[in-house]
Every structure is written in C-alpha cells, then in structure tokens.
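Descriptive structure summary
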Amino acid sequence: MSALLSIRDLEVTFATEAGPLPAVQGVSLDVAPGETLAIVGESGSGKSVTMLSLLGLLPAGAARARQVVFDGQDITALDEARLRGLRGREIGIVFQDPMTSLNPVLTVGRQLTEMFELHQGLSRGAARAAAVETLSLVGMPSPKERMATYPHQLSGGMRQRAMIAIAVACRPKLLIADEPTTALDVTIQAQILDLIARIQEELGMGVIMISHDLGVVAGVADRIAVMYAGRIVEIGPIDAVFDAPRMPYTSGLLASVPRYDLDADMPRSIPGTPPDPLARPSGCAFRPRCAEARAACAASPPPALRPAGPPPHEAACILVGEERERT
Amino acid sequence: MTAPPLLEVADLRLHFPLGGGFAFGRRGTVKAVDGVDFRLEAGRTLGLVGESGCGKSTLGRAVVGLETPTSGSVTLGGRNLAARSRAERDADRRRMQMIFQDPFSSLNPRMTVGQTLAEPIRLHGLREGPGVAARVRELLGLVDLPEGARDRYPHEFSGGQRQRIGIARALACEPELVVCDEPVSALDVSIQAQIMRLLKRLQDELGVAYLFIGHELGVVRQVSDEIAVMYLGQIVERGAGRTLFREARHAYTRALISAAPIPDPRLERLRRRIILKGDPPSPIDPPSGCPFAGRCPVAIPRCHAERPPLERFGPDHAVACWRAGETPELLPILAQGAPARDGTSG
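This section reports on the structure supplied with the text. (Residues numbered from 1 in each chain as written. Chains lettered and ligands numbered in written order. Predicted model: local features only at pLDDT ≥ 70, side-chain atom pairs only at ≥ 80, totals over all residues. Heavy atoms only, no water.)

**Examining the overall build of chain A**
Along chain A, the regular secondary structure elements total eleven helices and 13 strands. Over its C-alpha trace chain A gives a radius of gyration of 21 Å, about what one expects of a compact globule, namely 20 Å for 327 residues. Each principal axis of the C-alpha distribution contributes one length, and for chain A these read about 65 × 50 × 40 Å. Across the 327 residues that make up chain A, the buried fraction comes to 55%. Long-range pairs, those at least 24 residues apart, make up 64% of the contacts in chain A with a sequence separation of at least 6. Roughly 13,600 Å² of accessible area belongs to chain A as shown, and the carbon and sulfur atoms make up 53% of that amount. (Helix = DSSP H or I, 4+ residues; strand = E, 2+ residues; numbered from the N terminus. Rg over C-alpha atoms; globule rule 2.2 N^0.38 Å. Buried < 20%, exposed > 50% of the residue type's maximum accessible area, 1.4 Å probe, protein only. Contact = heavy atoms within 4.5 Å. Areas by Shrake-Rupley, 256 points an atom, 1.4 Å probe, with all protein chains shown as cover.)

**Some points on the interface of chain A and chain B**
Each side of the interface is counted separately: chain A has 41 residues, and chain B has 48 residues. Summing both partners gives a buried area of about 4,000 Å² for chain A against chain B, and 55% of it is carried by carbon and sulfur. Connecting chain A to chain B are five salt bridges. Put simply, B:Arg221 and A:Asp263 hold a salt bridge, and the shortest N to O gap is 3.2 Å. Linking chain A with chain B are 21 residue pairs in polar contact (both at pLDDT 80 or more). Secondary-structure elements contributing two or more residues to the side of chain A that touches chain B are helix 8 (186-203), helix 9 (214-220) and helix 10 (238-243) of chain A. Sorting elements by how many residues they give to the side of chain A that touches chain B places helix 8 of chain A first, with seven residues. By residue class, the composition of the side of chain A that touches chain B is 19 nonpolar, eleven polar and eleven charged. (Buried area = accessible area lost by both parts, 1.4 Å probe. Salt bridge = Lys/Arg side-chain N within 4 Å of Asp/Glu carboxyl O. Polar contact = N/O pair within 3.5 Å; in protein donor to acceptor, adjacent residues only side chain to side chain. Nonpolar A, V, L, I, M, F, W, Y, C, P; charged D, E, K, R; others polar.)

**A few points about the sheet that holds strand 13 (residues 314-315) of chain A**
The strands making up a sheet associate through hydrogen bonds between their backbones, and the pairing can be parallel or antiparallel. Residues and elements named next belong to chain A. One open sheet accounts for eight strands, arranged 7-8-9-3-10-11-13-12; its pairing is mixed. The sheet is open, and its two edges are formed by strand 7 (91-94) and strand 12 (306-307), each paired on a single side. Summarising the sheet, strand 7 and strand 8 (residues 174-178) pair through four bridges and their orientation is parallel. Considered in strand 8, the bridge of Val94 is made with Ala177. Against the sheet, helix 1 (residues 47-54) touches strand 3 (36-40), strand 8, strand 9 (206-211) and strand 10 (223-228), its axis set at about 140 degrees to strand 9. (Pairing = 2+ DSSP bridges. Axes fitted to C-alpha atoms, helices over the stretch in contact; angles between N-to-C directions.)

**A few points about helix 7 (residues 156-168) of chain A**
Residues and elements named next belong to chain A. In this model helix 7 runs 18 Å from its N-terminal to its C-terminal C-alpha over 13 residues, within 8% of the 18 Å that 1.5 Å per residue would give. Burial of helix 7 is extensive: twelve of the 13 residues sit out of reach of the surface. The complete set of buried residues in helix 7 reads Gly157, Met158, Arg159, Gln160, Arg161, Ala162, Met163, Ile164, Ala165, Ile166, Ala167 and Val168. (Expected span 1.5 Å × (residues − 1).)

**Overview of the side chain of B:Asp264**
Residues and elements named next belong to chain B. Within the secondary structure, Asp264 is located in the loop between helix 10 (251-259) and helix 11 (265-270). Under the relative-accessibility criterion, Asp264 is labelled buried at 14%. Within the structure, Asp264 has its side chain in polar contact with the backbone nitrogen of Arg266 (distance 3.1 Å).

**Quick notes on the sheet that holds strand 1 (residues 7-17) of chain B**
Residues and elements named next belong to chain B. Pairing in this open sheet of four strands is antiparallel, and the strands run 2-1-4-5 from one edge to the other. If you trace the sheet from one side to the other, it starts and ends with strand 2 (29-40) and strand 5 (79-80), each paired once. Here five bridges tie strand 1 to strand 4 (residues 71-76), and the two strands are oriented antiparallel to one another. Looking at strand 4, one finds that Leu7 is bridged to Leu76.

**Concerning the pairing of strand 5 (residues 67-70) of chain A**
Consecutive side chains along a regular strand alternate between the two faces of the sheet. Residue and element names in this part refer to chain A. Across four bridges, strand 1 (residues 5-16) lies against strand 5 in antiparallel orientation. If you follow Arg8 over to strand 5, its bridge partner there is Gln67. For strand 5 and strand 6 (residues 73-74), the ladder comprises two bridges, and the chain directions are antiparallel. Residue Val69 lies in a different strand from strand 6, and its bridge partner there is Asp74. The hairpin turn running from strand 5 into strand 6, its antiparallel successor, is two residues long, and Asp71 in that turn takes a positive phi close to 55 degrees.

**Examining the nonpolar core**
Counting residues in hydrophobic clusters, the biggest one holds 70 residues, and the most contacted among them are B:Leu139, B:Ile167, B:Leu202, B:Leu217, B:Phe245 and B:Phe292. In contact with B:Phe292, not counting residues within four places along its chain, are B:Tyr231, B:His250, B:Ala251, B:Tyr252, B:Leu276 and B:Pro297. Grouped together as the second largest cluster of nonpolar side chains are 40 residues, A:Val94, A:Met163, A:Ile199 and A:Val216 included. (Core = buried A, V, L, I, M, F, W, Y, C linked by side-chain atoms within 4.5 Å.)

**Section: the packing of aromatic side chains**
Under the defined criterion, the tally for this structure stands at seven aromatic pairs over all chains. Pairing A:Tyr249 with A:Phe286 gives two aromatic rings, centres 5.2 Å apart and planes at 65 degrees, and the pair type is edge-to-face. Taken together, the residues A:Tyr249 in helix 11 (residues 248-255) and A:Phe286 in the loop between helix 11 and strand 12 connect sequence positions 37 residues apart. Judged on exposure class, the residue A:Tyr249 and its partner A:Phe286 are both buried. Aromatic rings pair up to connect A:Tyr228, A:Tyr249 and A:Phe286 into one cluster. The aromatic ring of B:Phe157 is capped on one face by B:Arg152, whose charged end is 4.5 Å from the ring centroid. Above the ring of B:Trp322, the side-chain terminus of B:Arg302 is found at 3.5 Å from the ring centroid. (Phe/Tyr/Trp six-rings, centres within 6.5 Å; stacked < 30°, edge-to-face > 60°. Lys NZ or Arg CZ within 6 Å of the ring centre and 35° of its normal.)

**Some points on the side chain of A:Glu179**
Of note, A:Glu179 is situated in the loop between strand 8 and helix 8. Owing to a relative accessible area of 8%, A:Glu179 belongs among the buried residues under this scheme.

**Examining the packing of helix 4 (residues 113-123) of chain B against helix 6 (residues 159-172) of chain B**
Residue and element names in this part refer to chain B. Contact geometry of helix 4 with helix 6 gives a least axis separation of 8 Å together with a crossing angle of 20 degrees. The angle between helix 4 and helix 6 falls in the class roughly parallel. Judged by the sense of rotation from one axis to the other, the crossing of helix 4 with helix 6 is right-handed. Of helix 6, the residues touching helix 4 (which contributes Val113, Thr116, Leu117, Pro120 and Ile121) are Ile165, Ala168, Arg169 and Ala172. Tallied by class, the residues present in the contact of helix 4 with helix 6 amount to seven nonpolar, one polar and one charged. (Parallel < 35°, antiparallel > 145°, perpendicular 65-115°, else oblique. Left-handed = near helix turned anticlockwise from the far one by under 90°.)

**Topic: helix 8 of chain A**
Residues and elements named next belong to chain A. In a regular helix each residue adds 1.5 Å, so 18 residues correspond to 26 Å; helix 8 covers 26 Å between its end C-alpha atoms and thus fits that length. With 13 of its 18 residues buried, helix 8 lies for the most part within the structure. Trailing helix 8 by a residue or two, Gly204 shows a phi angle of about 65 degrees, which is positive.

**Let's talk about the pattern of salt bridges**
Residues and elements named next belong to chain A. Inspection of every chain in the model, using the stated rule, returns 39 salt bridges over all chains. Close ionic contact of Arg87 with Glu80 constitutes a salt bridge, the shortest N to O distance being 3.2 Å. Using a relative accessible area of 14% as the deciding quantity, one classes Arg87 as buried. Members of the salt-bridge network, linked through shared partners, are Asp71, Arg89, Glu90 and Lys173.

**Regarding the pairing of strand 1 of chain B**
Bridge analysis of strand 1 of chain B against strand 2 of chain B gives nine bridges, and the strand direction is antiparallel. Paired with B:His15 across the strands is B:Lys31, a residue of strand 2 of chain B.

Shown next as structure tokens:
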C-alpha cells in the first residue's frame, strides 16, 4: 500500500541565543492509511516538534526536509494558505491540553460549525446539523445542549472529546494525537483511547500517536518509532520492538517502566539524563548513558538506522548485526 | 501487647463547606476525605492510589498537619496529634516530612541547595557549628548528588535532580515518616525509576516509613508494602502491595486495573477494558450509598442505598463492595480463553 504520509530527512533547527539548537535530525518515516504509528520518547526527544513541523506550525525557516508527501502531494512547497487548508480538513490534530487549544470565548458548537463553514463551505444550518452529529460521534452526552457550552464548563475528559470532535469534523485522512490522554485520569484515558480507535476504524484514518507512555502505545499502535535526542533510534512493528528491542535505549526504556501486573523487581533505571541539545556528544547521543558503549560509538556521523530483525524493524546502533542477544 | 503503629489514622474526615455569603446560604459540603482508617508501621510503605479528586493528596496533607481534620484522629507513635501542645507539635512536624510532585515550586529559588538543606537542621537544632556543613555533605551523598551541588541554585538542576534535593531536604529533619505526594509523576520514565530506587534504598538504610500517594498503578505497586485504593474520599479496597492488583475485588479497583495500560502489546490485545461511563462524581454532597455506585457497571439497588463497610476479605485484604464475592466473574479483565498471566487474572 502506498503511504499516506511520507517524510524524508526532516531537520528542525531553532535559532537560540546560545546558538542553533538541532531539535530534530534526519527523521524519515511513513504512515499507511488506517495505520497507527506511535512516536515515543522522553521530554526533549523531538517527538512533538517532528509533527509540528509537518503542520507548518514552527517558526519560518526552522524546518527543512528533503521530501514530505501527504496523500500523493509534496507539501514542502505549499504556502501558508494551502497548508492551513490541509490542517483541519485533511489532517486533524489533538493536543494534550484541550484547554489551551480550544478557544475559551467561543462555544463548543461555534468552534465546530466554523470547521464546516470554513473547510466545507456549508451553510449555517447545515454546519449546525453536522456539528451535532460530530458531537454524538465522539460520545458527548446530549450533543444538542452541549453546542452552547463553553470549554471551561466541561470536564477534562469531555473537553478532550470536544477537541477530538473538531479534529475529526472534516473526516481527515490523518489524525495527529500529541499526548492526547496524558492529562487525564486512567479511566478517562481508556474512554478517549477507545473513542479514537472507534473513529479511526469508522473513518479509516491513519493515526500518529505521540506519547511518552509505553503502556498506551502498546495498546494502540501498529508500529512504533522511538526517538532519542532528535533522532529516530528504533522503528518497527510494535510486537517486534517490544519483544526484541535492539537499540539499548529502547530496551532501557522498556525496562524502566514499573509493572503492576508482574512480580518483577523494581524497574531498572537508565543512568544519567538526556544530553543538552546544544552540547550533544559526538557519534551516538545515547553513548554516555549506554552500558554497552564502546570506542566506535563516538565516531561521527551517528549510526544510521539499519535492519534489526525481520523487516521493517530497524535500529540505529552499531551493535545491531553482531551476533548477540539483549534482554 | 504490641507497640502502637508509627502512624494510625482513625475515622478521619475533612469536610469543606462551600462558599455562600449570608445572602445565598451554604451551597453544600465538599467531603474531600470521608471516614478513612489505616495504620502504617515504622519502616514500611503504604501506597494511596486513586484518580484526581479522590482525596488522596488532602489525606496526605492532613497527616502531616497541613490541613485540619473536621473529625477523626491522626496518631503518631501512639500520641494523638490534635491533643498536643504547640511545642510538642513543632517536634512532631520534624518527625513527619513531605515531598511533592514538583520540587521546583517547593524549593526557594533564591537559596542555594546548601542553605536549603542547612535551614531545617539549624531550625530543629539537630546539629551545631561545623556539624551542620558536615550533615549537608552527608545528605547530598545520601541522595547521590555531587558535593558541588551545595553552592548551586534549584534552577541549575534537572527535574530528577531537583527531586533528589526535595528528598534530601525532607531527610534533613531526620523524619520517621515521609508523605510522598506523586514524587515521580512529573518525571520521564527513565528518571522515574532512578527516584523510585533511591526512595527504596533510603528506606532500607534509614528505616523511614512512606505514605506514598500516586495515580500510576505500576509505580505504587513497586514501592508499596500495602496499597489502599481511594474513591471519592473513601478507601474502597486495601491489600498487600504484591497481590492487590491481582486479586482486586472492588468493582472500581477492577475498572482501574482494566484501564491501566500494560507495556506489552500481546497482553494488551488479550485484555478487556471495563469502560466506565462518565466522569467521577463531584465530592460535593456525595451519594449516601457506595461512592462508586453511580458509575459501577454491576451496581444493585443496595449499592445506592447503603454504604458498604470496608470488610476483611481474606488475609491482608479488605474490600468495601457489596458484590465483592462475585466481581471477578462479573467483571473479567482478561478476554475469555486468554491464558492467565501474572497479575492480570482476576
């Protein structure tokens, strides 16, 4: 199947007072229609910036890519007006905190009808009917009454439903969900993940789920990309990466999640902290924290992704390919 | 006769009357904590788990004296704290310390780490003269911070290191009990494990007891000897840390477990989520029956009418649910036919 989204060699660099800050380096990935790709990583790994750049939501000149093809169209060359049309209509976005992305002075209904008027040219009445229908699609109780509600009058879970309603209103081909449940309680998180999966099936959307929570990712993703210090360090089918992680950072991350369902000991920790993006070490950025690092890991450029198991499993580690097993 | 436990909380209630000028009258009562009992032995950890608004943080703050209970008692080492003189209370405060989710907002930004650590040592007269500086060095070593950290300010540290400073400050008072309010929730997972291991090591070395408040089941399970599950101001289930999540009998605990994701994709596909309807109800004038009855998928009329008592259900296990005997069958967590794995079967 041809990819719905295909990114090649994405670089994002921010100009800071202390010099250029490379937030994302050489990121390439594909998303197929109907598929869920999870991008995981810790704070500062570049996972959110990757997606913001795709949407043209970064300062001008910050992002550069060899190619970004969405639905058969190269979008690197699109101007702001065309990009804006793409956002919302073809690509829906859900952020972690709906309170900061919903407009506090407009009712939920107005923010939804706006989508239909703006992107689909519907009349006021038709937009209203479509909005009510969308609210019931996202499981909002008494959707007609909710149209007149302001965001602050909703609970966290209901606000996230409103955000999702706006994101999927125009039946996008791709939904980008950036930590959509991180601010929610776990029983509400289950409701929202359930909702996203249901809508995905109904609309056949591709979904990019950005998350720091490996548990959430395990339950929803078909494939996973692990980011560290601005690069994808491992990518592959979800089962393959969880069963046999090949990059020491991935295995360290998996081992550091505390399990409530196993008689395991305390989670293992990864020593140290992620490097300062302004002063990343040469070669593999994980090297200073890696128990298996050797002299060759310091060689530049950092290791590229290479086959790490049955395709399409790849990892960026010089040890991949050597005959050895990691646990 | 056994010695009294380090901490005993009996029928503790914290009710907050809502607003209401004279023209409007009272608008109800927030029952943040509504009749909680537990004991904690020296050197042990009790985990308090629950979702936002369940009252777990308010309970923690009441234990260390940051909130005044409406009724009930907090007893430390056999002495009721409410009945103590002012001077005695100051001494008790030293024995109970607290660490917070966000250490940055609880550290004075204008004080160096060394000053922050020295202050409680001097205040409580724990060391004098050069002994203070020596103790500061010792504390930094305890939490694995370099000696040079002493002359630096909180903003110069990463989140994980700041939490180490917060822990060192709590330990400066040589407490017997530390209330840990979501101490690792704001940290990245690789750092989270560092702090959890540190807390465990400090407990082994110093014999300090923890009341560990959290919302992540994995974190609470790993640090706790015993776990209490809170819902709407009440403890609805309590059990041994190693087994509670495997043998849960309260409908809410089972729903919570079923909703908490497991980082194992194959296991996740075998699980059955109990999707609860709606949001947790407000603690303003909560229902008179079981606090969970309104959202419970298997509630019966009795649940709405009568509050179930927290009753023993086997050794080291207590449940407040009228249907505790049937919940594993009523609310399975694994899909039918799935092999039972450690801890996920009911």
